[in-house]
Amino acid sequence: MRAEINPLYNWMHAEIGACLKREEQVDKEALIARAMTDGVSHAEAEDVYEEAMEDWIEVYSLVGRINSGELDEP
């Protein structure tokens, strides 16, 4: 997971998490567009989105492995 956290990452990670919690599809382009309204370039917003989504995928993978008994709880 990301060692150095920035406000854009925090926001993007929280928005993705909120969608997942509500079991809604994450709208990548809408999140990128919202980030761009704050002066972030499309490329930077897309990079941060990808990083935040990768972190959520890693978390869900670990939870799945714990729930299946493949891993012990930390």
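*Asks:* Tell me what's going on with the overall build of the protein, and back it up with residues and numbers.
*Replies:* Helix and strand content of the protein: three helices and zero strands. Each helix and strand of the protein, ordered N terminal to C terminal, gives the series α-α-α. Per-residue burial over the protein gives 24% buried out of 74 residues. For the protein, long-range pairs separated by at least 24 residues make up 52% of all intrachain contacts whose partners lie at least 6 apart in sequence.

*Asks:* Tell me about the packing of helix α1 (residues 7–21) against helix α3 (residues 42–67), and name the residues and values.
*Replies:* Where α1 contacts α3, the two axes come as close as 9 Å, and the packing angle between them is 50°. As summarised for this structure, α1 and α3 are arranged oblique, according to the angle between their axes. α1 and α3 meet at a crossing whose hand is right-handed. Residue-level contacts link Leu 8, Tyr 9, Met 12, His 13, Ile 16, Gly 17 and Leu 20 of α1 to Glu 44, Ala 45, Val 48, Tyr 49, Glu 51, Ala 52, Met 53, Asp 55, Trp 56 and Tyr 60 of α3.

*Asks:* Tell me about the packing of α1 against helix α2 (residues 28–36), residues and numbers included.
*Replies:* Across the interface, α1 lies against α2 with an axial gap of 11 Å and an inter-helix angle of 150°. By the criterion of interaxial angle, the relationship of α1 to α2 is roughly antiparallel. Crossing angle aside, the handedness with which α1 passes α2 is right-handed. Contacts between α1 and α2 involve Leu 8, Trp 11, Met 12, Glu 15 and Ile 16 on the former and, on the latter, Leu 31, Arg 34 and Ala 35. Of the residues assigned to the contact of α1 with α2, the class counts are six nonpolar, no polar and two charged.

*Asks:* Residue-level account of unusual backbone geometry, with values.
*Replies:* Its identity as a non-glycine residue notwithstanding, Glu 23 has a phi of 60°, on the positive side. Considering the arrangement of structural elements, one finds Glu 23 in the loop between α1 and α2. Judged by its relative accessible area of 75%, Glu 23 is exposed.

*Asks:* Talk me through the nonpolar core; I want residue IDs and the actual numbers.
*Replies:* With 16 residues, the main nonpolar core has Leu 8, Met 12, Ile 16, Val 26, Leu 31, Ala 35 and Tyr 49 as its most contacted residues. A per-element tally of this core places α3 first, with six residues. The residues touching Leu 31, leaving out its near neighbours within four places in the chain, are Trp 11, Met 12, Glu 15, Ile 16, Val 26 and Tyr 49.

Reading guide: rules and limits
Sequence order as written defines residue numbering, which begins from 1 separately in each chain. Reporting in this predicted model follows two pLDDT cut-offs: at least 70 for local features of residues, and 80 or more for side-chain atom pairs to be given and counted; totals over whole chains, interfaces and linings ignore these cut-offs and use all residues. The side-chain quantities take in all heavy atoms of the structure and omit both hydrogens and water. Under the DSSP-based scheme used, a helix requires at least four consecutive residues in state H or I and a strand at least two consecutive residues in state E, with every element numbered from the N terminus. Relative accessibility decides the category of a residue: with a 1.4 Å probe and only protein chains considered, values under 20% of the type maximum give buried, values over 50% give exposed, and everything between is partly exposed. Between two residues, a contact is recorded if the distance between any of their heavy atoms is within 4.5 Å. Axis angles are defined between N-to-C directions and span 0 to 180 degrees, where every axis is a line fitted to C-alpha atoms and, for a helix, only to the segment in contact. To sort the angles, those under 35 degrees are grouped as roughly parallel, those over 145 as roughly antiparallel, those from 65 to 115 as roughly perpendicular, and the leftovers as oblique. In this scheme the crossing of two helices becomes right-handed for a clockwise turn of the near helix relative to the far one and left-handed for an anticlockwise turn of less than a right angle. Any residue outside Ala, Val, Leu, Ile, Met, Phe, Trp, Tyr, Cys, Pro, Asp, Glu, Lys and Arg is labelled polar, Gly included; the first ten of those are nonpolar and the last four are charged. Residues enter a nonpolar core if they are buried and are Ala, Val, Leu, Ile, Met, Phe, Trp, Tyr or Cys, with the set joined through side-chain atoms within 4.5 Å.

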